[in-house]
Amino acid sequence: MSDIGTRYANRVSALIYLEAGYWFAYSAGKPNPDANDTPAPGEPPMPPVGAAVLKGEQSFKGPIDVPILAIYAYPHDAQFQPPQDRAPSEITTENAEANAQIIAFAKGQPTATVIRIPHAAHFVYISNKDEVLRDINAFIAKLRKT
């Protein structure tokens, strides 16, 4: 989506990121040559473009010249995060990293509408369906007025 927004803004009306505006979709940092793109045993190899995104070689730093809605599950609710036996410190670290990226996304896209839904799952559109639909519908309604 970030690629489309940066290269083909004239072809879209808006972009809606659902728990997706993280470093791999919109990078506020540097490429990560140490990222592990080795598949788990029994998994197929990652396509080259996937490996490039994972390593930050294919990152998008905007600006994206279309209206943007970015909805994040933040902070994540530990009960939705598999596996259930992870240490609380792991969840805290992940939430801190997620918050840093949310802030970077908002700073990099200052006209974006950024919404945090607390204590939701990564699949926020499932765990908090009503809130997500309400926010998307409100965003679309504003688009129609302009």
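Above this text you will find the structure in question.
Residues numbered from 1 in each chain as written. Predicted model: local features only at pLDDT ≥ 70, side-chain atom pairs only at ≥ 80, totals over all residues. Heavy atoms only, no water.

### Things to note about the overall build of the protein
Then step 1. A tally of helices and strands in the protein yields five helices and three strands.
Then step 2. Counted from the first residue to the last, the protein has its helices and strands arranged as α-β-α-β-α-β-α-α.
Then step 3. Buried positions account for 32% of the 146 residues belonging to the protein.
Then step 4. Of all intrachain contacts in the protein linking residues separated by at least 6 positions in sequence, the fraction that spans at least 24 positions is 75%.
Then step 5. Accessible surface computed for the protein: about 9,100 Å², of which carbon and sulfur atoms make up 57%. (Helix = DSSP H or I, 4+ residues; strand = E, 2+ residues; numbered from the N terminus. Buried < 20%, exposed > 50% of the residue type's maximum accessible area, 1.4 Å probe, protein only. Contact = heavy atoms within 4.5 Å. Areas by Shrake-Rupley, 256 points an atom, 1.4 Å probe, with all protein chains shown as cover.)

### Describing the packing of aromatic side chains
Then step 1. A full pass over the atoms with the stated rule returns three aromatic pairs.
Then step 2. Relative to F105, the ring of Y17 lies with its centre 5.1 Å away and its plane at 70 degrees, an arrangement referred to as edge-to-face. Residue Y17 is located in strand β1 (residues 15–18), and its partner F105 is located in helix α3 (residues 88–108); the two are separated by 88 residues in the primary sequence.
Then step 3. Judged by centre distance (6.0 Å) and plane angle (80 degrees), the ring pair of F123 and Y125 falls under edge-to-face. (Phe/Tyr/Trp six-rings, centres within 6.5 Å; stacked < 30°, edge-to-face > 60°.)

### Comments concerning the sheet that holds strand β3 (residues 113–117)
Then step 1. Strand order in the open sheet formed by three strands is β1-β2-β3, and the pairing between neighbours is parallel. Of all the strands in the sheet, the pair left with one neighbour each is β1 and β3. Direction aside, neighbouring strands of the sheet carry axes that sit 10 degrees apart on average.
Then step 2. Where helix α5 (residues 129–145) meets the sheet, it contacts β1, β2 (68–73) and β3, and its direction lies at approximately 165 degrees from that of β2. (Pairing = 2+ DSSP bridges. Axes fitted to C-alpha atoms, helices over the stretch in contact; angles between N-to-C directions.)

### Examining the environment of S2
Then step 1. Tracing the sequence through the fold places S2 in helix α1 (residues 2–7).
Then step 2. The exposure class of S2 is buried, given its relative accessible area of 3%.
Then step 3. Sequence spacing of S2 and L15 is 13 residues, and the spatial spacing of their C-alpha atoms is 8.4 Å.
Then step 4. Polar side-chain contacts of S2 include one of 2.7 Å to the side chain of Y17. (Polar contact = N/O pair within 3.5 Å; in protein donor to acceptor, adjacent residues only side chain to side chain.)

### A word on the pairing of β2
Then step 1. Of all six residues that make up β2, six are buried, and the element is covered over most of its length.
Then step 2. The alternating pattern of β2 places I68, A70 and Y72 and L69, I71 and A73 on opposite faces, both of which are buried.
Then step 3. In this structure, β1 lies alongside β2, joined through four bridges in parallel fashion. When the sheet's bridge partners are listed, I16 is paired in β2 with L69.

### A look at the nonpolar core
Note on soluble globular proteins: their nonpolar side chains tend to be buried together.
Then step 1. One finds L15, Y17, I64, I68, Y72 and F105 to be the most contacted residues of the largest nonpolar core, which totals 13 residues.
Then step 2. Listing elements by their share of this core, those giving two or more residues are β1, β2 and α3.
Then step 3. Once residues within four sequence positions are removed from consideration, L15 is found in contact with M1, G5, I64, V66, P67, I68, L69 and F139.
Then step 4. Judged by nonpolar contacts, the second largest core, of nine residues, contains A73, I117, V124 and V132. (Core = buried A, V, L, I, M, F, W, Y, C linked by side-chain atoms within 4.5 Å.)

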